[in-house]
Amino acid sequence: GDYDLLDDWRSSNPLVVRVFSFSDHQLRYVSTPGVAYEEFSVVGQGKFHICFSNGFVRHPLKQHLVQADGLDRNIGFDIRVQSHLINEPDAPSQEDDDDNDFITTSTGKKKKHHSERVTHLLKTSKDVRNQLQVLLDHIEHLKLREHTHRDITGQTQTRIVSWTFIHAVSLVTIALLQVFFWKRRFEN
């Protein structure tokens, strides 16, 4: 999975992400201090706890407490669960070098059978699929960030228009009061 601090203007120093196994509460992952975006991987079976801390925890990589600044933070995170099959071809086996693994070319040379190439292609396609999923997750984080910034921009625009209207009304009121004041002054 991965996590991303969506608030660009906030410091990521108090942010700590930890993953615990559900059964024995063993710590499986701790984020790097001060990092706003990080990918993580936990291998295991069963349930896991994911803890996002905003400070005041003893960080395992630091000897002191990570201090909170009292500010809320928006964090986007994605979890990808993948099964690792027992017979999945992660790497070609080097133990079986019998004649069945070789083919004879037209020149008479022995060459490894195509299964090694297929295994390499499967591994490469799995890596590409994982990287594509990370890219799609990152795009989702950017969409959330863009939505947040659009809301802030809309709120700012509304406040500016309101303030401009109040300012214009007050200027017109002051101008009218000045006209009445000077008119009275010259009439007396």
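Look a little higher up for the structure.
Values in this document were obtained by computation on a predicted structure and should not be read as measured data.

Caption draft 1: How the structure looks around a nonpolar patch on the surface. A cluster of nonpolar side chains, namely I50, F77, I79 and V81, defines an oily patch on the protein surface of about 390 Å² accessible area. Looking at the secondary structure, you find I79 in the loop between β8 (75-78) and β9 (102-104). Judged by relative accessible area, I79 falls into the partly exposed class, the value being 43%.

Caption draft 2: Layout of the sheet that holds strand β5 (residues 48-54). The antiparallel open sheet is built from three strands, whose spatial order is β3-β2-β5. Looking along the sheet, the strands with just one partner apiece sit at the ends: β3 (27-30) and β5. With direction set aside, neighbouring strand axes in the sheet form an average angle of 20°. Alignment of strand β2 (residues 15-21) against β5, held across seven bridges, turns out to be antiparallel. Looking across to β5, one finds that V16 is bridged to S53.

Caption draft 3: Looking closely at the side chain of D2. One can find D2 in strand β1 (residues 2-5). Among the polar contacts made by the side chain of D2, one reaches the side chain of H141 at a distance of 3.0 Å. If we skip the residues at most four places from it in the chain, D2 touches Y37, E38, E39, F40, G76, F77, D78, R80, D137 and H141.

Caption draft 4: Focus on the packing of aromatic side chains. Evaluation of the coordinates by the stated rule reveals four aromatic pairs. Judged by centre distance (4.8 Å) and plane angle (25°), the rings of Y29 and F40 are stacked. Of this pair, Y29 sits in strand β3 while F40 sits in the loop between β4 (37-39) and β5, and the two are eleven residues apart along the sequence. With respect to class, Y29 is no different from F40; both count as buried. Positioned above the aromatic ring of F22, the side-chain terminus of K47 is 5.3 Å from the ring centre.

Thresholds applied
Residues numbered from 1 in each chain as written. Predicted model: local features only at pLDDT ≥ 70, side-chain atom pairs only at ≥ 80, totals over all residues. Heavy atoms only, no water. Patch = residues over 30% accessible without salt bridge, like charges linked within 9 Å, V, L, I, M, F, W, Y side chains within 5 Å. Areas by Shrake-Rupley, 256 points an atom, 1.4 Å probe, with all protein chains shown as cover. Salt bridge = Lys/Arg side-chain N within 4 Å of Asp/Glu carboxyl O. Helix = DSSP H or I, 4+ residues; strand = E, 2+ residues; numbered from the N terminus. Buried < 20%, exposed > 50% of the residue type's maximum accessible area, 1.4 Å probe, protein only. Pairing = 2+ DSSP bridges. Axes fitted to C-alpha atoms, helices over the stretch in contact; angles between N-to-C directions. Polar contact = N/O pair within 3.5 Å; in protein donor to acceptor, adjacent residues only side chain to side chain. Contact = heavy atoms within 4.5 Å. Phe/Tyr/Trp six-rings, centres within 6.5 Å; stacked < 30°, edge-to-face > 60°. Lys NZ or Arg CZ within 6 Å of the ring centre and 35° of its normal.

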